[in-house]
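# Structural features, examined
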Amino acid sequence: MCTYITAKLDAAGSAKGADGWFTLSETTVYFDHPVHAAAEHTLNIDFRNPERGAGARVAVELTAQTARALAHAILETLDAVPEDLI
Amino acid sequence: MCPMSDAFISATERITGHGGAEIEAYTARPQDSHPRGGVVVIHHLPGYDDQTKEIVRRFAHLGFNAAMPNLFWHDAPGAAPDDAAAAGRAKGGVPDERLVGDVAGAAEYLRSLPNANGKVGVIGYCSGGRQSVLAACSLPLDAAVDCYGAFVTGDPSALEGHPMRNVSTLENRLADLRCPLLGLFGAQDSYPSPDEVAQLEHLLTEHGKSFEFHTYDDAGHAFFAVERPAFRPQSAKDGWERIEAFFGKYLSA
């Protein structure tokens, strides 16, 4: 089904999209039907800057297993960084 | 007598949508002058995509005029369809009121075509299935098809951890259903579940509405989607035949 479940977060950083690098302002995360991935549902992340237009977006559609592994890797990486660098 | 031509033109056009706004729509129009019905196609939440455009063309091949409004055009006019869908999803999806306005605009466009017979039906898939029923409860349409739409019945807010903020049940709208309804469902689907489909049958019967439901044992959700693992060729083939017969019956002059 279309789950409509969307988490929206403020974001600081940069992403490289179809027109090159842009400054991020927002990240949306949702579990729903993908546009491209060959799966019924995927964990979708859009890194966006709506002020620069809807095309200022980097999109990924990940299987649930991939998304969980990614989330763990992100947290493990951050946990390994000396505190004074964060 | 000359046989009817099967030529049609498919194109991206501008139509008048909700609130008088100009929106994009994908249309497919048979070129023969013989009067015919029209079909509004409602795309699923991932957006106004190539697969749903193929469905629009299939209706023209079957002899109907067809139009699919880009429901996310309001969120990002002129953007690539997948970017517009992402912008719309970030806002929580398509508001019901706006959906009704855009379907009304597409129906009016179809009625205005030179070879229109005045009859217009609506069909939607997944979230569009619920929206098809919503449109049929809100607008003067002649036939509606719901392909596995969740939350026509059932309470989305009751789902633990699933805050369906912008979606509400249509149970209290079904008394207003204005046209016959064809429902096509998968027995292995959980959204809608077989119990929710049975509840919909019960409510439509109670309200004295005309409907025809088919549930396919081998299918779950999205069994018409040819590019997804859920595709079930036999169920989809039978479903298409039932859609053609249903629209053929109710959209004839």
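Scroll up a little and you will see the structure.
Residues numbered from 1 in each chain as written. Chains lettered and ligands numbered in written order. Predicted model: local features only at pLDDT ≥ 70, side-chain atom pairs only at ≥ 80, totals over all residues.

### Some points on the overall build of chain B
Quick reminder of the rule: In this text, helices come from DSSP runs of H or I with a minimum length of four residues, and strands from runs of E with a minimum of two, each type numbered from the N-terminal end. Note on method: radius of gyration uses C-alpha positions; expected globular size equals 2.2 Å times residues raised to 0.38. Put plainly, a residue is buried at 20 or more neighbouring C-beta atoms within 10 Å of its own, exposed at 12 or fewer, and partly exposed in between, counting only other residues' C-beta atoms, which are placed from the backbone. Contact between residues is assigned whenever the C-beta positions, reconstructed from backbone atoms, fall within 7 Å.
Across its full length, chain B carries six helices and eight strands. Overall, chain B shows an N-to-C arrangement of helices and strands of β-β-β-α-β-α-α-β-α-β-β-α-β-α. At 17 Å, chain B has a C-alpha radius of gyration in line with the 18 Å of a compact globule built from 253 residues. Evaluated residue by residue, chain B yields a buried proportion of 52% over its 253 residues. Considering only contacts within chain B whose residues lie at least 6 apart along the sequence, 64% involve residues at least 24 apart.

### Some thoughts on the overall build of chain A
Secondary structure summary: chain A contains one helix and six strands in total. Along chain A, helices and strands appear, N-terminal first, in the series β-β-β-β-β-β-α. Along the first, second and third principal axes, the C-alpha atoms of chain A reach 45 × 30 × 20 Å. Going through the 86 residues of chain A one by one, you find that 26% of them count as buried. Taking the contacts inside chain A whose residues are at least 6 apart along the sequence as the reference set, 36% of them involve residues at least 24 apart.

### Examining the sheet that holds strand β4 (residues 26-32) of chain A
All names here are of chain A. Selection rule: Pairing between two strands is assigned when DSSP locates at least 2 bridges connecting them. Every axis corresponds to a line fitted to the C-alpha atoms, with the helix fit spanning only the stretch in contact, and the corresponding angles, defined between N-to-C directions, vary from 0 to 180 degrees.
The four strands lie next to each other as β1-β4-β5-β6, forming an open sheet whose pairing is antiparallel. Single-partner strands in this sheet number two, and they are β1 (6-10) and β6 (57-62). Taken pair by pair, the neighbouring strands of this sheet meet at an average axis angle of 15°, ignoring direction. Note: β1 against β4, five bridges, orientation antiparallel. Its bridge partner lying in β4, A7 is registered against V29.

### Let's talk about the interface of chain B and chain A
What counts is decided by this rule: Gly is placed with the polar residues, together with every amino acid not listed as nonpolar (Ala, Val, Leu, Ile, Met, Phe, Trp, Tyr, Cys and Pro) or charged (Asp, Glu, Lys and Arg).
Tallying the contact residues gives 31 residues for chain B and 23 residues for chain A. For the side of chain B that touches chain A, the element with the most residues is helix α2 (residues 81-90) of chain B, which contributes seven residues. Its residues placed into classes, the side of chain B that touches chain A shows 18 nonpolar, eight polar and five charged.

### Some details on the packing of helix α3 (residues 96-111) of chain B against helix α4 (residues 127-138) of chain B
Each pair of packed helices can be described by the angle between their axes along with the distance between the axes. Residue and element names in this part refer to chain B. Note the threshold: Should an angle fall under 35 degrees it is called roughly parallel, over 145 degrees roughly antiparallel, and 65 to 115 degrees roughly perpendicular, with every other angle called oblique.
At a closest axis distance of 10 Å, the pairing of α3 and α4 adopts a crossing angle of 70°. It follows from the interaxial angle that α3 and α4 lie roughly perpendicular. Contacts between α3 and α4 pair D96, L99, V100 and V103 from the former with Q131, L134, A135 and S138 from the latter. Here the residues of the contact of α3 with α4 are counted per class, giving five nonpolar, two polar and one charged.

### Some words on the sheet that holds strand β4 (residues 65-69) of chain B
Residues and elements named next belong to chain B. Spatially, β1-β2-β4-β3-β5-β6-β7-β8 is the arrangement adopted by the eight strands of the open sheet, whose pairing is mixed. Looking at strand neighbours, the two that pair on one side only are β1 (8-16) and β8 (211-216), the edges of this open sheet. Neighbouring strand axes in the sheet, compared pairwise and without regard to direction, differ in orientation by 20° on average. Examined bridge by bridge, β1 and strand β2 (residues 22-30) share nine bridges and lie antiparallel to one another. Of the residues in β2, the one forming a bridge with T12 is Y26. Running over the sheet, helix α1 (residues 50-61) touches β1, β2, β3 (36-42) and β4 and is turned about 40° from β2.

### Describing the nonpolar core
Residue and element names in this part refer to chain B. Here is the rule we go by: What we call a nonpolar core is a set of buried Ala, Val, Leu, Ile, Met, Phe, Trp, Tyr and Cys residues whose membership is set by joining through C-beta atoms within 7 Å.
Counting residues in hydrophobic clusters, the biggest one holds 80 residues, and the most contacted among them are V40, V41, A136 and A144. Ranked by residue count, the leading element in this core is α3, at seven residues. Among residues more than four places away in sequence, those in contact with V40 are A67, V103, A106, A107, L110, V120 and V122.

### Let's talk about the environment of M68 of chain B
Residues and elements named next belong to chain B. Relative to the assigned elements, M68 resides in strand β4. Given 28 C-beta atoms within 10 Å, M68 falls into the buried group. The spatial distance from the C-alpha of M68 to the C-alpha of T12 is 9.5 Å, given a sequence separation of 56 residues.

### Focus: the pairing of strand β6 (residues 143-147) of chain B
All names here are of chain B. Put simply, the rule is: Handedness of a crossover is defined as follows: orient the strands so they point away from the viewer, and if the path from the first strand over the helix to the second runs clockwise, the crossover is right-handed.
The buried fraction of β6 is high, at five of five residues. Side chains A143, V145 and C147 project from β6 onto one buried face, and the interleaved A144 and D146 project onto a second face that is buried too. When strand β5 (residues 116-125) meets β6, the two strands line up parallel, connected through five bridges. Paired with I123 across the strands is V145, a residue of β6. Taking the sense of rotation as the criterion, the β-α-β connection linking β5, α4 and β6 turns out right-handed. Two elements, β6 and strand β7 (residues 181-186), share four bridges in a ladder whose sense is parallel. In the sheet register, D146 faces β7, and the bridge partner there is G183.

By themselves, these observations are geometric and do not establish any function.
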